[in-house]
Amino acid sequence: MNTELTLHQKTLTLHRYPVRTNEMLQAWDAGDEYLINHIEEQEITPQKHILILNDHFGALSCWFSQHHRVTVISDSFISHQGIKHNLEQNHCPTVTLLTSVDDIPNDVDMVLMQIPRNNRFLGWQLSQLRTALCSNVPLIAVNKAKDIHNSTLKLFEQWFGATTTSLAWKKHRLVFSQPNTKKTAEHPPYLEWNIEHESIMLKNLPNVYSGENLDQGARFMLEHLPADPNIQHFTDLGCGNGVLSVKMGQLNPQANIRCVDESFMAVESARQNLLSNLQHAHQRDIECLANNCLDNIAGQSTDMVLCNPPFHQQQAITDHIAWQMFCDAKHVLKKQGKLLVIGNRHLRYDIKLSRLFGKSNVKTVTGNKKFVILEATK
Ligand SMILES: C[S@@+](CC[C@H](N)C(=O)[O-])C[C@H]1O[C@@H](n2cnc3c(N)ncnc32)[C@H](O)[C@@H]1O
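Think of each chain on its own: its residues are numbered from 1, step by step along the sequence as written. The model is predicted, so local features are restricted to residues of pLDDT at least 70 and side-chain atom pairs to those at 80 or more, both for listing and for counting; the totals for chains, interfaces and linings are taken over all residues. Excluding hydrogens and water, the side-chain figures rest on all heavy atoms present in the structure.

A.B. asks: How should the overall build of the protein be read in this particular structure?
C.D. replies: Helix and strand definitions here come from DSSP, where helices need a minimum of 4 consecutive H or I residues and strands a minimum of 2 consecutive E residues; each element is numbered from the N-terminal end. Regarding its fold elements, the protein presents 10 helices and 20 strands. Each radius of gyration reported is based on C-alpha atoms, and the globular scaling rule is 2.2 Å times the count of residues to the power 0.38. Against the globule reference of 21 Å for 378 residues, the protein gives a C-alpha radius of gyration of 22 Å, in line with a compact fold. The dimensions of the protein, computed from C-alpha atoms along their principal axes, are 65 × 45 × 40 Å. Relative accessible area decides the class of each residue, using a 1.4 Å probe on protein chains only: under 20% of the type maximum gives buried, over 50% gives exposed, and in between gives partly exposed. Considering the protein as a whole, with its 378 residues, one finds that 56% of them fall into the buried category. Residues are treated as being in contact if the distance between any of their heavy atoms lies within 4.5 Å. Excluding contacts between residues fewer than 6 apart, the proportion of contacts in the protein whose partners are at least 24 apart in sequence is 68%. Accessible surface, the protein: about 17,500 Å² in total, of which carbon and sulfur atoms supply 49%. The charge count treats Lys and Arg as positive and Asp and Glu as negative. His and the chain ends do not count. For charged residues, the charge sits on one atom: NZ in Lys, CZ in Arg, CG in Asp, CD in Glu. Charged side chains in the protein number 36 positive and 37 negative. The centres of these two groups are separated by 6 Å. The method behind every accessible area is Shrake-Rupley, applied with a 1.4 Å probe, and residues are considered shielded solely by the protein chains displayed.

Shown next, in the form of structure tokens:
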């Protein structure tokens, strides 16, 4: 795997996070290169304040921190870690690293953006930028040409201002936008909806997984969560908006709760949803944290782990996250503790769980045409 990015006679060494032996995927894409080349050709004066949104693993942060003051905003804990590691490894000056729930600074000279996959999140980021920035601050965004649709450009025009695009280069296109819409538009941060047949109302920040409707797997899992007075503590791994832990918390009022996700917006949505849907929530120990799976969480610290694993990480489709989640779950479970997993039938999570927990400790709780719920006992 190529880890050296060489442009304009300068080389950066860049790794994805977490660093894995036999990594097949590069830590930057042609979009990063296109943005860097474009800005280098502009020969802008040094020491500008550049705001970078959604940098994947730090290619943009490392490059621009060398001559400018850089602030980076990302919703991803994993990107934050990747950016920090790569800045350190390349001996780059420090940057200000903000999460997607932090305020946008209002003294920036230029904004660079990797366009996010999720249009609601894109609209939210553009509306926040428009509110924070003066009308002379240019925004240059990038994505694969095939992912820049008319609807994408309409969002730039609606929430930000006049927008044009570049020619395609290595299958990527730049989007140029100037903040000149009227500043009146308000993009509500939360989308709220009830779950049918449950007393659950969910608030969803723009980049939370399945923030516009309930995930089908989660819907099936809700019907099969246990009520067990012996569960003193459970962990919702990859919690999204916290839907599974809200229901589990309702069924098990004695239990303390830990919700973990790599999206800062997911963690904040889950925190809000636990507080607003659980009775006496303030008297319970509820912990919501951004993390890469269960890194650095104490072993033998929980009675049950709930998990609806993701299929992709940072634009890449992969099943290594599910494997890491299962390994971490086993580590944090107490003896006799249980991992409850929902997955599409064809993913065959039973094979992974049997390898890890032993075949006789893995059982199928239930299934339908599409999904299976598996329980692995430590
Ligand atoms: C399929 S969604 C499940 C969300 C929610 N539990 C549900 O059932 O609707 C998987 C979640 O895992 C999170 N995730 C992905 N990679 C992660 C990682 N390395 N560590 C922690 N969470 C991760 C995603 O942000 C997403 O919210």
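The structure having been displayed, the exposition proceeds.
A.B. asks: What am I meant to see in the pairing of strand E6 (residues 110-114) here?
C.D. replies: Put simply, side chains in a regular strand alternate between the two faces of the sheet. Here E6 lies mainly inside the structure; five of its five residues are buried. A two-sided burial pattern is seen for E6, the buried positions comprising Met110, Leu112 and Gln114 on one face and Val111 and Met113 on the other. When DSSP finds two or more bridges between two strands, those strands count as paired. As defined by bridge partners, strand E3 (residues 49-53) adjoins E6 across four bridges and the pair is classed as parallel. Paired with Ile50 across the strands is Met110, a residue of E6. Alignment of E6 against strand E7 (residues 139-144), held across four bridges, turns out to be parallel. Each residue of the ladder has a partner; that of Gln114, found in E7, is Val142. Whether a crossover is right-handed comes down to one check: with the strands pointing away from the viewer, does the path from the first strand over the helix to the second run clockwise; if it does, it is right-handed. In this fold, the crossover linking E6 to E7 by way of helix H4 (residues 119-132) has right-handed handedness.

A.B. asks: Explanation requested: the sheet that holds E3 in the structure shown.
C.D. replies: Adjacent strands of a sheet form backbone hydrogen bonds with each other and so pair up, either parallel or antiparallel. Spatially, E5-E4-E3-E6-E7-E9-E8 is the arrangement adopted by the seven strands of the open sheet, whose pairing is mixed. Sheet topology places strand E5 (96-99) and strand E8 (163-165) at the edges, where each strand pairs with a single neighbour. Averaged over neighbouring strand pairs, the angle between their axes works out to 20° when direction is ignored. Note that E7 and strand E9 (residues 172-177) share six bridges and pair antiparallel. Its bridge partner lying in E9, Ile140 is registered against Phe176. To define axes, lines are fitted to C-alpha atoms, for helices over the stretch in contact only, and angles between the resulting N-to-C directions are given on a 0 to 180 degree scale. Packed onto the sheet, helix H5 (residues 150-159) meets E6, E7, E8 and E9 and runs at close to 145° relative to E8.

A.B. asks: Looking at this structure, I do not really get the pairing of strand E12 (residues 233-237). What am I missing?
C.D. replies: The buried count for E12 comes to five of five residues, which makes it a mostly enclosed element. Side chains His233, Thr235 and Leu237 project from E12 onto one buried face, and the interleaved Phe234 and Asp236 project onto a second face that is buried too. Both E12 and strand E13 (residues 256-261) contribute to a ladder of five bridges, which runs parallel. Bridging from a neighbouring strand, Thr235 pairs with Arg258 of E13. Between the parallel pair E12 and E13, the chain is carried across by helix H7 (residues 243-251), and the sense of this crossover is right-handed. As defined by bridge partners, E12 adjoins strand E15 (residues 302-307) across four bridges and the pair is classed as parallel. Opposite Thr235, over in E15, you have Val305 as the bridge partner.

A.B. asks: Would you explain H7 in this entry?
C.D. replies: Working note: α-helix, 3.6 residues per turn, so residues spaced by three or four point in the same direction. Of all nine residues that make up H7, seven are buried, and the element is covered over most of its length. Among all positions of H7, only Val243, Leu244, Ser245, Val246, Lys247, Met248 and Gly249 are buried.

A.B. asks: Can you walk me through the domain arrangement of the protein in this structure?
C.D. replies: It is common to give the size of an interface as the accessible area that goes away when the parts come together. Each assigned domain of the protein is listed here: domain 1 (4-177) and domain 2 (191-377). Between the C-alpha centres of domain 1 and domain 2 the distance comes to 31 Å. Each side of the interface is counted separately: domain 1 has 22 residues, and domain 2 has 23 residues. As a working definition, buried area equals the accessible area (1.4 Å probe) given up by two parts on being put together, with both sides summed. Carbon and sulfur atoms make up 56% of the surface buried where domain 1 meets domain 2, a total of about 2,000 Å² over both sides. By the criterion of area lost to domain 2, the three top residues of domain 1 are Asp75, Phe77 and Arg120, representing 35% of everything that side buries. Salt bridge, as applied in this entry: a Lys or Arg side-chain nitrogen positioned within 4 Å of an Asp or Glu carboxyl oxygen. Linking domain 1 with domain 2 are zero salt bridges. In the analysis that follows, any N or O atom pair within 3.5 Å is treated as a polar contact, provided that within protein one partner can donate a hydrogen and the other can accept it, and provided that, for residues neighboring in sequence, both atoms belong to side chains. At the surface where domain 1 touches domain 2, the tally comes to 11 residue pairs in polar contact (both at pLDDT 80 or more). These domain limits were set by an automatic method or by a database of domain assignments.

A.B. asks: Explain the pattern of salt bridges to me, please; I cannot follow it from the model alone.
C.D. replies: Pairs can form between side chains of opposite charge whenever their charged atoms are close. All chains considered together, the criterion is met by 11 salt bridges. Among the salt bridges present, the one from Glu33 reaches Lys170, with a minimum N-O distance of 3.5 Å. Linking Glu33 in helix H1 (residues 30-42) with Lys170 in the loop between E8 and E9, this pair joins segments that are 137 residues apart in sequence. Put simply, Glu287 and Arg258 hold a salt bridge, and the shortest N to O gap is 3.4 Å. Here the residue Glu287 occupies a position in strand E14 (residues 286-290), and Arg258 occupies one in strand E13, the gap between them amounting to 29 residues.

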